[in-house]
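Summary of structural features
Each chain is listed here by its residues.
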Amino acid sequence: MAVPDRSGRAREEKDVRAISTSTSTVSVGIHDISTATGHYALPLETLAAQHGIDPQKFLVGIGQEAMSLPAEDEDPVTLAASAAAPILARHGAENIRTVLFATETGVDQSTAAGVYVHSLLGLPRTARTVELKQACYSGTAALQFAASLVARDPSQQVLVIASDIARYALDSGGEPTQGAGAVAMLVAADPAVLELDPFSGVYTRDIPDFWRPNYLSTALVDGKLSIRAYIDALTGAWRDYREHGGRAFEDLATICYHQPFTKMAVKAHVALAEVAGQPVEKDVAAAQLADTLHYNRLIGNSYTASMYYGLASLLDHREDLAGQAVGLASYGSGSVSEFFSGTVRDGYRSHGRAAETRAGIEAREVIDYARYRELHEREVPVDGGEHELPRVTRAPFRLAGYSGHRRLYERNA
Ligand code: COA
């Protein structure tokens, strides 16, 4: 607080210098990253056959092979808790004082979904928990807010979770780009995986490319507009990144893009390379991004988690990243974009979770079109009655049912 005399002003200036010195020397970033996806998988060849479409449109045209779908007893909360549990098993929970839950498929208009995750995981009561929303972007807002909290007090850790179920109307244009997944990250000082740069570029523009009114359970999208809006916002964020001290394009080993479908990342990379004065052909762009695309190609869009699935894919598939800078290109329709970067830490591979992520993807139960349609047509009951859900998921947490308009969660036996 300011003290209005000469000695007080001197003391205040000294305090400010002390704070800026302490924050600028702290390295902050992702200390651990863990994933979870839905119980079911629908191959896009199945969807193509149903709609009489050449499967190459999905496999090559949009770059997707399959989509994850939640089981009857999974939702964004259970996916989030399942993604975060391995982080707590490895690092404990005693330093976590904040839980930031990013989603655009929140389960309640009032309570943060993170509060249910906090309870399922048995996190300390001495923690703040909040939910963040801005389409697929809010995981990045959560990560940046977390980094600021840790910079202010490096003894604290923040659990950031991005979790979503991407759901469009049956037979709509967005249908092949559905998916489900969660990525949990522990943000800490002296991180083991990725040290975040202190600069980033941001961009906001009011544009109706994708939205979901409160009364709809499926998203609305103007697909072609969303592709243009993504590129416009991303290049705007890139320019802002450069103006705020961001690294040169050629100094980035690769870039992890938000991936509503993997081909979108390639389109974005071609556009960004052009703006950055380093143009690349589509096939070169695809090769440059290949390591970031493996998981998203198989799970589909996971909205807030999508770019972080891209980061997990990169860390799990590229062996020579230690000491190298990577870019992160975040986009959320509506729209907000942020371009930021970080340096991969030495020894990052030994902190990886490639086997767990791969196992989660491979464990999915592949379903046929009739089963997919049946699952899609299910809606959350709104009568406030007692509804027990079938025991399907093998994940560590499940949604047991509904009672009195409340969701009842439990550890899976
Ligand atoms: N073999 C190979 N490629 C094929 C093909 C075939 N037989 N048939 C079509 N394609 C290609 C098209 O050329 C096109 O590629 P291009 O964009 O590089 O030109 C691609 O497949 C998609 O075809 P298109 O006709 O544009 O598909 P669509 O009208 O069904 O729309 C989306 C595709 C992605 C826009 C739509 O699924 C959607 O709206 N998804 C949700 C929104 C979204 O993800 N937005 C992104 C920003 S967040």
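Residues numbered from 1 in each chain as written. Predicted model: local features only at pLDDT ≥ 70, side-chain atom pairs only at ≥ 80, totals over all residues. Heavy atoms only, no water.

The protein chain goes by Hydroxymethylglutaryl-CoA synthase in an unreviewed UniProt entry, where it is assigned to Sediminivirga luteola. Word for word, the UniProt comment on the protein chain under Sequence similarities (unreviewed entry) is "Belongs to the thiolase-like superfamily. HMG-CoA synthase family." (UniProt positions renumbered as here; feature names shortened; annotations may be inferred.)

Take the overall build of the protein chain next. Counting its regular elements, the protein chain contains 12 helices and 17 strands. Relative to the compact-globule value of 22 Å for 413 residues, the protein chain shows a C-alpha radius of gyration of 21 Å, a close match. Along the three orthogonal principal directions, the C-alpha set of the protein chain runs to about 75 × 55 × 40 Å. Out of the 413 residues in the protein chain, the part that is buried amounts to 55%. In the protein chain, of all internal contacts separated by at least 6 residues, the share reaching a separation of at least 24 is 74%. Carbon and sulfur atoms provide 51% of the accessible area of the protein chain, an area that totals close to 17,900 Å². Taken together, the 39 basic and 51 acidic charged side chains of the protein chain have centroids lying 4 Å from each other. (Helix = DSSP H or I, 4+ residues; strand = E, 2+ residues; numbered from the N terminus. Rg over C-alpha atoms; globule rule 2.2 N^0.38 Å. Buried < 20%, exposed > 50% of the residue type's maximum accessible area, 1.4 Å probe, protein only. Contact = heavy atoms within 4.5 Å. Areas by Shrake-Rupley, 256 points an atom, 1.4 Å probe, with all protein chains shown as cover. Lys, Arg positive; Asp, Glu negative; His and termini not counted. Charge placed at Lys NZ, Arg CZ, Asp CG, Glu CD.)

Take the UniProt feature "active site" (unreviewed entry) in the protein chain next. According to UniProt, the feature "active site" (unreviewed entry) maps to Glu104, Cys136 and His258 in the numbering used here. Residues from the annotated list that form part of the lining of the largest cavity: Cys136 and His258. Relative to the assigned elements, Glu104 resides in the loop between strand S4 (96–102) and helix H5 (113–121). What makes Glu104 buried here is its relative accessible area of 11%. In this structure Glu104 touches Ala135, Cys136, Asp164, Phe210, Arg212, Tyr303 and Thr304, once residues within four positions along its chain are discounted. For Glu104, the side chain forms a polar contact with the main-chain nitrogen of Cys136, separated by 3.0 Å. (1 Å grid on protein atoms, 1.4 Å probe; cavity = no way out; pocket = protein on both sides within 12 Å on 5 of 7 lines; lining within 4 Å. Polar contact = N/O pair within 3.5 Å; in protein donor to acceptor, adjacent residues only side chain to side chain.)

Right, let's talk about the layout of surface pockets for a bit. Roughly 630 Å³ of volume is contained in the second largest pocket. Lining the second largest pocket are 32 residues, with Gly173, Gly174, Thr177, Gly223 and Phe261 positioned closest to its centre. Looking at the lining of the second largest pocket, the elements that each hand over two or more residues are helix H3 (55–61), helix H7 (223–243) and helix H8 (262–275). Broken down by element, the lining of the second largest pocket gets its largest block of residues, five residues, from H7. In the lining of the second largest pocket, the residues fall into 15 nonpolar, 11 polar and six charged. (Points joined across faces, edges and corners; volume = space filled by probe spheres on them. Nonpolar A, V, L, I, M, F, W, Y, C, P; charged D, E, K, R; others polar.)

The next thing to look at is the confidence of the model for the protein chain. For the protein chain, the average pLDDT comes to 94, and 94% of its residues sit at 70 or higher. Of the regions scoring below 50 in pLDDT, residues 1–23 engages in seven contacts with residues more than four places distant in sequence or in other chains. (pLDDT = per-residue confidence, 0-100.)

Here we come to the UniProt feature "domain: Hydroxymethylglutaryl-coenzyme A synthase C-terminal" (unreviewed entry) in the protein chain. Following the UniProt record, the feature "domain: Hydroxymethylglutaryl-coenzyme A synthase C-terminal" (unreviewed entry) maps to residues 199–271 and 280–349 here. Secondary structure across residues 199–271 divides into 42% helix and 22% strand, with the first and last C-alpha atoms of the span separated by 22 Å. End-to-end, the C-alpha atoms of residues 280–349 are 29 Å apart, and along that stretch the chain is 43% helix and 24% strand.

Turning our attention to the site of the ligand. What surrounds the ligand is a group of 18 residues, the closest being Lys57, Gly173, Lys224, Ser226 and Lys267. Between the ligand and Ser226, the relevant distance is 2.6 Å, taken from a nitrogen atom to a side-chain nitrogen or oxygen of the residue. About the coverage of the ligand: the protein hides 70% of its 970 Å² of free accessible area. The cavity where the ligand resides is the second largest pocket. Counting residues per element, the ones that place at least two in the shell around the ligand are H3, H7 and H8. Its residues placed into classes, the shell around the ligand shows five nonpolar, eight polar and five charged. (Near = heavy atom within 4 Å. Sits in = over half its atoms within 2 Å of the grid points.)

Let us look at the sheet that holds strand S3 (residues 66–69). If you trace the three strands from one edge of the open sheet to the other, you get S3-S2-S14, paired in mixed fashion. Looking at which strands have only one partner, the edges of the open sheet turn out to be S3 and strand S14 (365–366). Note that strand S2 (residues 40–43) and S3 share four bridges and pair antiparallel. Looking at the pairing, Tyr40 lines up with Leu69 of S3. Here helix H2 (residues 44–51) sits on the sheet in contact with S2 and S3, set at roughly 50° to S2. Across the sheet, helix H12 (residues 369–377) lies against S2 and S3, angled at about 125° from S2, the strand it touches most. (Pairing = 2+ DSSP bridges. Axes fitted to C-alpha atoms, helices over the stretch in contact; angles between N-to-C directions.)

Now for the pattern of salt bridges. This model, assessed by the stated rule, comprises 19 salt bridges. Across the pair Arg90 and Asp32 runs a salt bridge, and its minimum N-O distance is 3.3 Å. On the criterion of sequence distance, the pair formed by Arg90 in helix H4 (residues 76–91) and Asp32 in strand S1 (residues 28–37) is long-range, its members being 58 residues apart. As a salt-bridge pair, Arg398 and Asp73 come within 2.7 Å of each other at their nearest N and O atoms. Of this pair, Arg398 sits in strand S16 (residues 397–403) while Asp73 sits in the loop between S3 and H4, and the two are 325 residues apart along the sequence. Across the pair, exposure class does not vary: Arg398 and Asp73 are buried alike. In this structure, a network of salt bridges that share partners links the residues Asp32, Arg90, Arg353 and Glu356. (Salt bridge = Lys/Arg side-chain N within 4 Å of Asp/Glu carboxyl O.)

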